[in-house]
Each structure stands twice: as structure tokens, then as C-alpha cells.
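Residue-level structural notes
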Amino acid sequence: MKLKFWGVRGSIPTPGPQTVRYGGNTTCIQVLPSSGDLVILDAGTGIHALAKQLPKQLNRPVHILITHTHWDHIQGLPFFYPLFTAQNEIRIYGGQDPLTGCGIERSLSVQLQNSYFPISESQLKCRLHYRNLTAGAELRIGSLRIVPTILNHPVLNFGYRIDDDDGSSLFFTGDYEVPYNPYPPETVEYADFQRVVEQERQEAIKAMSGVDGLIIDSSYTDAEYSSKQGWGHGTYASSLRVARLAKIKKLFLTHHEPNRSDDELESIFAGLTNDSDTVGLQLYLAREGAEHSLC
């Protein structure tokens, strides 16, 4: 199995000279399994560039797995050209929001309302299918076995574990903030909430344990995180700790903060390589256009 990054920024697209080396498109990752199926993780603006590399008429279905429906993970869907070609088959997977009861079909239909987009869903020419997934239930696509796990974020967010029949494995967190306890230790609420926090942390580590590659939300430095706790994103330090606990081989840091330049990214990365948690770990900054083998 291989993977290719098409979008690595978080929150909002950031084109320009300060982001040209690592890219300014929002989250989109292509999975290249041994079976040759076309599998895409999230549909941020990076999916537009991916679409331009595909033939107009596809000879196989496209499988798009959505971690969650915040804009930066779905805003490229209306610009995914295969949607507008007859005979193409597009399958979109994701979760059903427990608060609204809406399924993953809302990720596209909301964007195709007349107020936001000139083309309606009824004008799409492809064969379009939606499938709502359940946490812990295996999905099979060609040689891939895919299991969604609910990870901490302000909206329902699936992390996906992907195992290929060739023996390689991958985990993508989507947006993920390691659960924390908001109560001070001296309060009566602290102990009960801490048990919940520890359980959620352990479940996440178990889900991603031993994978060849972990793609993880690493938006903030520790200094930045102090004012952004609860926003649903990880830090460089928390990503390294997760990788160590889960015994990861290759760690890909992504969801780059939109205000961060390429130079700033590389400066932070240089500091990380001296961290004791990186011993024995292959560490990468996710970069648009980069392709990695997990075998």
C-alpha cells in the first residue's frame, strides 16, 4: 500500500509563496492499495488537483471516506470532476451525526444548495452512492479492510484504520485532539472524568497500534495550544507521544496551521528531530504531491 498527499493544510486554503513547498490545499489523501482501487481520504480542496490527474471516464468506482464534515475536509467535493461524467460511480462514506441525525449524504447536498453553488445535486451525472458507517464495523474495499474509530473532536470524527492484504497498514486521524480533563484535580468531578479520558485515550491507541504509517493532526505548538484547548486539534508533542505509545513506524504530521509558513514548519520540524520520542521513528512533514510506500 502507498499513500499520496493532495492537501495538507487545516481550516482554510492558503495558496501563496509562503506555502508553496508544502502546499496550501486542505486535507485530501489518496490511498493506493495493492488491489488498485481508487480510495480517497477526505475531500478538502486538494481533491480538485487529484481529480485533474484522473481520466474523464473512469473504469472503476471512486471511494471517498470522510472523517468529518467540517468545511476544510469536504469543500472540494463539488469540484471533483468525476461527479459530472455519466457512467462514473462515486461512493461516499462517513458517519451519521448523533446530534442532527443527518448522514454523510449531507456533506455534498448542503454545498450544492442554490445559495452556495450554481449546480444542484440533481444535475450530477455520475452514479452517486452514500454509506453511513458504524464505529468498529469493518468495511471492505478491494484488498483493504477499513475500520472507523470515533476520535475526539467537536463534531463526530472518524479515524480510519486501513489494513491491506499485502500486510501494510495505515491510520488517519482526521482532526484529533487527545482527550483532556477540564476539571482541576481538587474538584469532585475530576476523578470520574479522568476515567473517561483515560478510556478514550486507550481506545485510540489500540485502534492505531502497530500500523506502518500514522497520519495525524499536528496543528499546534505547545505554546499555541494553551489558548486553543478544546478546539479539537493536536500538537506536535502530543503526536509524538501517541506515535510512541502506539509503536508507529512512520509518522506523518499534517493539518498544518494555515498561518504557518513553510519556513516556520521546517524550523519546528528541525526541533522535533531532537526529541527523545522520535528515536526509531521515521518522521515526516506531510507535503502536497509526496508519495510514500508503507510496505
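Refer to the structure presented above.
Digging into the packing of aromatic side chains
Given two aromatic rings, their pairing is described by the distance between the two centres and the angle made by the two planes. Enumeration over the complete set of coordinates arrives at five aromatic pairs. A centroid spacing of 5.6 Å and a plane angle of 75° characterise the contact between Tyr183 and Phe193, whose relative ring orientation is edge-to-face. One end of the pair, Tyr183, is in the loop between strand E10 (169-172) and helix H4 (190-208); the other, Phe193, is in helix H4, with 10 residues separating them in the sequence. Taking the centre distance of 4.9 Å and the plane angle of 15° together, the rings of Phe252 and Tyr284 count as stacked. You can see Phe252 sitting in strand E12 (residues 250-254) and its partner Tyr284 sitting in strand E13 (residues 282-285), a full 32 residues away along the chain. Clustering of aromatic rings is evident, with ring pairs tying together Phe5, Phe252 and Tyr284.

Digging into the sheet that holds strand E1 (residues 2-7)
Pairing in this open sheet of seven strands is mixed, and the strands run E6-E5-E4-E3-E2-E1-E14 from one edge to the other. Of all strands in the sheet, those with a lone pairing partner are strand E6 (127-132) and strand E14 (291-293), marking the two edges. Put simply, the sheet's adjacent strands are angled 20° from each other on average, direction ignored. In the sheet, strand E5 (residues 89-94) pairs with E6 via six bridges, with the strands oriented parallel. In the sheet register, Gly94 faces E6, and the bridge partner there is Asn132.

What to know about unusual backbone geometry
Unlike most non-glycine residues, Asp42 shows phi in positive territory, near 65°. Examined against the element boundaries, Asp42 turns out to sit in the loop between strand E3 (38-41) and helix H1 (46-52). The class of Asp42 is buried, set by a relative accessible area of 0%. The residue His255 is not glycine, and still its phi comes out positive at about 60°. Exposure remark for His255: the relative accessible area of 3% places this residue in the buried category.

Cut-offs applied
- Residues numbered from 1 in each chain as written.
- Predicted model: local features only at pLDDT ≥ 70, side-chain atom pairs only at ≥ 80, totals over all residues.
- Heavy atoms only, no water.
- Phe/Tyr/Trp six-rings, centres within 6.5 Å; stacked < 30°, edge-to-face > 60°.
- Helix = DSSP H or I, 4+ residues; strand = E, 2+ residues; numbered from the N terminus.
- Pairing = 2+ DSSP bridges.
- Axes fitted to C-alpha atoms, helices over the stretch in contact; angles between N-to-C directions.
- Buried < 20%, exposed > 50% of the residue type's maximum accessible area, 1.4 Å probe, protein only.

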